[in-house]
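Working through the structure, step by step
Spelled out, the chains give:
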Amino acid sequence: MVREHDTPPRKPRRRLLDPTDSKILSLLQLNGRASYREIARELGVSEGTVRSRANRMQAEGVLTIAAIADPAKLGYSVMAFALLNVRIGRQQAVIDELTPWDEITYISSCTGRADLYVQFVCRDHEHLWQLLHERLPEVDGVTGAETFQEIKMHKVSYVYPNFADTTPAVPAE
């Protein structure tokens, strides 16, 4: 006899973006300042449809609309990234300690020869040196760092190509 509490928990179903959601998302990726009215006209739907779907995608974490600044034009002339090695069991603590640093614009966990990938923006080389040789060694759990300086950006894109009508959105409740 199988009792209810003996059955494994069901994985949440993933709802898919429908064609209208996908088109709205595509247009907002190309121009996050496009008005819902403009998008509605282009897609042949009501402004309310665009607004409610965009709001739903934002609430579900599928869509974030943000302003992306050029760090060089803000006085950050040095951009670098580091592959960090972290002592086993300290990864989340290291992430928690590094996340508030203003100079860090991106952190991700990875597999392979490093545990974390970290991007930095710095005012100058002295600023980068201070981060790498004064502040980073103070972070308990970091056991090594391989640093690369970016000398020129050739492409920056936050547009994700080729998502189809079957793109998973979020788990359905």
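We now turn to the structure provided with this report.

Turning our attention to the overall build of the protein chain. The helix and strand inventory of the protein chain stands at five helices and six strands. Intrachain contacts of the protein chain at a sequence separation of at least 6 include 70% that bridge at least 24 residues. Accessible surface, the protein chain: about 12200 Å² in total, of which carbon and sulfur atoms supply 51%.

Once that is clear, we can look at the sheet that holds strand β3 (residues 104–109). The strands making up a sheet associate through hydrogen bonds between their backbones, and the pairing can be parallel or antiparallel. Strand order in the open sheet made by the four strands is β3-β4-β2-β5, with antiparallel pairing throughout. The two strands at the open ends of the sheet, each matched to only one other strand, are β3 and β5 (142–150). Each neighbouring strand pair of the sheet contributes to a mean axis angle of 20 degrees, computed without reference to strand direction. Across eight bridges, the pairing between strand β2 (residues 78–86) and β5 is antiparallel. The residue of β5 that forms the bridge with Met 79 is Glu 150. Running at roughly 170 degrees to β3, helix α4 (residues 91–98) makes contact with β2, β3, β4 (116–122) and β5 of the sheet.

The N-to-C vectors of helix α2 (residues 36–43) and helix α3 (residues 47–59) enclose an angle of 115 degrees; their axes lie 8 Å apart at closest approach. Taken together, α2 and α3 sit at an angle that is classed as roughly perpendicular. Between α2 and α3 lies a crossing whose hand is right-handed. Here Tyr 36, Arg 37, Ile 39 and Ala 40 of α2 come into contact with α3, specifically with Glu 47, Val 50, Arg 51, Ala 54, Asn 55 and Gln 58.

Bringing the pattern of salt bridges into the picture now. Summed over the entire model, instances satisfying the criterion amount to ten salt bridges. Between Arg 90 and Asp 140 there is a salt bridge whose closest N-O contact spans 3.4 Å. Here the residue Arg 90 occupies a position in the loop between β2 and α4, and Asp 140 occupies one in the loop between α5 (125–135) and β5, the gap between them amounting to 50 residues. By relative accessible area, which is 41% here, Asp 140 ends up partly exposed. Here the residues in one salt-bridge network are Asp 18, Asp 21, Arg 53, Arg 56 and Glu 60, joined through shared partners.

The next subject is the nonpolar core. Counting residues in hydrophobic clusters, the biggest one holds 19 residues, and the most contacted among them are Leu 84, Leu 98, Trp 101, Leu 116, Val 118, Phe 120 and Leu 136. For this core, the secondary-structure elements that each account for two or more residues are β2, α4, β4 and α5. In terms of residue count, β2 provides more of this core than any other element does, five residues in total. Discounting chain neighbours no more than four positions away, the residues touching Trp 101 are Leu 131, Arg 135, Leu 136 and Val 139. Counting residues in hydrophobic clusters, the runner-up holds 13 residues, among them Leu 28, Ala 54, Met 57 and Leu 63.

With that out of the way, let us pick up the packing of helix α1 (residues 19–30) against α2. Viewed as axis vectors pointing N to C, α1 and α2 meet at an angle of 130 degrees, and their least axial separation amounts to 11 Å. Overall, the two elements α1 and α2 adopt an arrangement that is oblique. As α1 runs across α2, the sense of the crossing is right-handed. Contact residues: α1 offers Thr 20, Lys 23, Ile 24, Leu 27 and Leu 28, while α2 offers Ile 39, Glu 42 and Leu 43. Broken down by class, the residue content of the contact of α1 with α2 amounts to five nonpolar, one polar and two charged.

Quick notes on the rules
- Residues numbered from 1 in each chain as written.
- Predicted model: local features only at pLDDT ≥ 70, side-chain atom pairs only at ≥ 80, totals over all residues.
- Heavy atoms only, no water.
- Helix = DSSP H or I, 4+ residues; strand = E, 2+ residues; numbered from the N terminus.
- Contact = heavy atoms within 4.5 Å.
- Areas by Shrake-Rupley, 256 points an atom, 1.4 Å probe, with all protein chains shown as cover.
- Pairing = 2+ DSSP bridges.
- Axes fitted to C-alpha atoms, helices over the stretch in contact; angles between N-to-C directions.
- Parallel < 35°, antiparallel > 145°, perpendicular 65-115°, else oblique.
- Left-handed = near helix turned anticlockwise from the far one by under 90°.
- Salt bridge = Lys/Arg side-chain N within 4 Å of Asp/Glu carboxyl O.
- Buried < 20%, exposed > 50% of the residue type's maximum accessible area, 1.4 Å probe, protein only.
- Core = buried A, V, L, I, M, F, W, Y, C linked by side-chain atoms within 4.5 Å.
- Nonpolar A, V, L, I, M, F, W, Y, C, P; charged D, E, K, R; others polar.

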